Amino acid sequence: MSDTADTGERMPDEEHRTRLRERRLAAARNAERVLARLGFRGTLRERLALLDAARDVYDLDEPADVYGDGVVEALEERTAGLLGQEAAVFFPTGTMAQQVALRCWAARTGSPAVALHALAHPEVHERNALSQVSGLRPVRVTDAPRPPTAAEVRDLEEPFGALMLELPLRDAGFVLPSWGELTEVVAAARERDAVVHFDGARLWESTVHLGRPLDEIAGLADSVYVSFYKSLDGYGGAALAGPRTLVEEARSWRHRYGGTVFQQFPAALSALVGLERELPRLPGYVRHARVVAAALREGFAAAGVPWARVHPRVPHTHDFQVWLPYDAEVLAEAAVRTAEETGTLLFANAWSRRGPDIACTEVYVRAAGLDWTADDVRAAVAEFASRLDG
């Protein structure tokens, strides 16, 4: 599609980016083949159809929830059991859940300092909410694009009351430590008399890399937050799990933060469906993501792309990054045109500039991607690469 109007003047950059984004989202909806069909990109009718399975996970003749009882309580109990925690409380957002958890721990430890990675979600995506809303003071352990080490936690120059670990660390490439590294980091925090909180928005899919069940992983921490929509395809919502006394205090703060919503049954039911349907499938998605990642590397090498990086080389979860030596808009245009012309969308997500003619995107592998063979991936790479120079 041309970026030039009849006058010969180039379309303004913002208008061009908006149109390209609209084309990308349309391609994600209409492509015959994708690696992941994310539920939240569907139509209202498609999203409502998710509740067709609700009758299999909860008695729909029970009264609807009011301010967190009924089906919301059932979801909380199920989540606490899966994570091996005493109790759990439902929150409308993860941002709210983690602020409440960390301020509760700050009151217990007497320290508002929260040690965390510079790429952790509160530092990158929450507009300084920890400090601006909850009076907490983030202390960055490291800004290296990898999980923090035990030595970094042990040698942090200032005291802190809580260590927050994002598992996996999304903005570093959905990376995880090894099980041994994770236990060492937790031990280092304990040596500093700090509590440990897991930002486990995507903890559900971490079991393959860590080689441990969910309850054993969550059992390392004093509290755990999990999301119900990022991998479980729910409508939204989150849970904070931990000791019963912490959870009960968190309920009070949830009310103060405006998070005790009158009725949450659609989100709660969709979360229960996700736990029943998607949670058992996640290990299969992770294993197939490794097949896709290897085929991407092979495809780019065969296509003669100057260099390409799949990060991590062997994905830790079913999500990972791809880095290529082109301008972000060039890559976005090639991805969209490939989908429009072939019906196959290899790269469904936005490309972000990471330097001069260097860009990165995230690749997700879900149920739709399980049908892709390594040959399919390599063929899709060839189609995509053939449109880069144009």
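Residues numbered from 1 in each chain as written. Predicted model: local features only at pLDDT ≥ 70, side-chain atom pairs only at ≥ 80, totals over all residues. Heavy atoms only, no water.

### Focus on empty space enclosed by the protein
Operational definition: Buriedness for pockets is judged along seven lines, at least five of which must meet protein on both sides within 12 Å for an open set on the 1 Å grid over protein atoms alone, while cavities are sets there where a 1.4 Å probe fits but cannot get out, and lining residues have an atom within 4 Å of a point. Grid points are joined across faces, edges and corners, and a volume is the space filled by probe spheres set on the points. Helix and strand definitions here come from DSSP, where helices need a minimum of 4 consecutive H or I residues and strands a minimum of 2 consecutive E residues; each element is numbered from the N-terminal end.
According to the stated counting rule, one finds 5 cavities of 30 Å³ or more in the structure shown. For the largest cavity, the calculated volume is near 120 Å³. Around the largest cavity, the lining is made up of 15 residues, and of these Pro-147, Pro-148, Leu-165, Glu-166 and Leu-167 lie nearest the centre. Broken down by secondary-structure element, the contributors of at least two residues to the lining of the largest cavity are strand S5 (162-166) and helix H8 (179-191).

### As for the nonpolar core
The criterion, for reference: What we call a nonpolar core is a set of buried Ala, Val, Leu, Ile, Met, Phe, Trp, Tyr and Cys residues that are connected through their side-chain atoms within 4.5 Å. Burial classification: accessible surface area is computed with a 1.4 Å probe over protein chains only, and a residue below 20% of its type maximum counts as buried, one above 50% as exposed, and the rest as partly exposed. Note on contacts: a residue pair qualifies if any of its non-hydrogen atoms lie within 4.5 Å across the two residues.
Formed by 55 residues in total, the largest nonpolar core has its most connected members in Leu-83, Leu-163, Leu-165, Leu-182, Phe-198 and Trp-204. Per-element accounting of this core gives the leading share, 7 residues, to helix H12 (residues 265-277). The residues contacting Leu-83, other than those within four sequence positions of it, are Leu-203, Trp-204, Leu-214, Asp-215, Ala-218, Val-224, Val-226 and Ala-241. Among the nonpolar cores identified, the runner-up in size contains 33 residues, and Val-305, Ala-359, Ala-380 and Leu-388 belong to it.

### So, unusual backbone geometry
In this structure, Pro-168 follows Leu-167 across a cis peptide bond, with omega equal to -10 degrees. Within the secondary structure, Pro-168 sits in the loop between S5 and H8. Cis geometry is adopted by the peptide bond preceding Pro-312, which originates at His-311 and carries an omega value of -5 degrees. Locating Pro-312 in the fold gives a position in the loop between strand S9 (309-311) and strand S10 (319-324). Of note, Asp-193 is a non-glycine position whose phi angle comes to about 60 degrees, a positive value. Its place among the elements puts Asp-193 in the loop between H8 and strand S6 (195-200). In the Ramachandran plot, Asp-233 falls in the positive-phi region, its phi being about 70 degrees despite a non-glycine side chain. Judged by its relative accessible area of 23%, Asp-233 is partly exposed.

### Re helix H15 (residues 374-386)
To keep it simple, the criterion reads: In a helix, the anticipated span is given by 1.5 Å times the number of residues less one. It is the directions from the helix axis to the C-beta atoms that the arc portrays.
Its 13 residues give H15 an end-to-end C-alpha distance of 19 Å, which sits within 8% of 18 Å, the value for a rise of 1.5 Å per residue. Among the residues of H15, those classed as buried are Val-377, Ala-380, Val-381, Phe-384 and Ala-385. One side of H15 carries all its buried residues, which in axial view fall inside an arc of 130 degrees. Projecting away from the buried face of H15 at angles above 90 degrees are the exposed residues Asp-375 and Ser-386. Buried-residue contacts for H15 involve helix H13 (282-303), S10, helix H14 (328-342), strand S11 (344-345) and strand S12 (351-355).

### Structural notes on the sheet that holds S12
Keep this limit in mind: Between any two strands, at least two bridges found by DSSP are needed for them to pair. The angle between two axes is taken between their N-to-C directions and runs from 0 to 180 degrees, where each axis is a line fitted to C-alpha atoms and a helix contributes only its stretch in contact.
The 4 strands lie next to each other as S9-S10-S13-S12, forming an open sheet whose pairing is antiparallel. Strands at the two margins of the open sheet, each flanked by one partner only, are S9 and S12. Along the sheet, successive strands turn relative to each other by an average axial angle of 30 degrees, direction set aside. Looking at chain direction, S10 and strand S13 (residues 358-364) are connected through 6 bridges and run antiparallel. Considered in S13, the bridge of Phe-320 is made with Val-363. Across the sheet, H13 touches S9 and S10, and the angle it forms with S10 is around 10 degrees.

### A look at the pairing of strand S2 (residues 87-91)
Counted residue by residue, S2 has 5 buried out of 5 residues, so it is predominantly covered. A two-sided burial pattern is seen for S2, the buried positions comprising Ala-87, Val-89 and Phe-91 on one face and Ala-88 and Phe-90 on the other. Pairing of S2 with strand S8 (residues 238-242) involves 5 bridges; the strand directions are antiparallel. Looking across to S8, one finds that Phe-90 is bridged to Ala-239.

### A few points about the pattern of salt bridges
Close approach of charged atoms allows side chains of opposite charge to pair. We apply this condition: Each salt bridge in this description consists of a side-chain nitrogen of Lys or Arg and a carboxyl oxygen of Asp or Glu lying within 4 Å of one another.
Applying the stated criterion across every chain, the model contains 27 salt bridges. When the shortest N-O distance is used, the salt bridge between Arg-47 and Asp-233 registers 3.7 Å. In this pair, Arg-47 sits in helix H2 (residues 44-49) while Asp-233 sits in the loop between strand S7 (223-227) and S8, placing the two residues 186 residues apart along the sequence. Judged by relative accessible area, which is 14%, Arg-47 ranks as buried.

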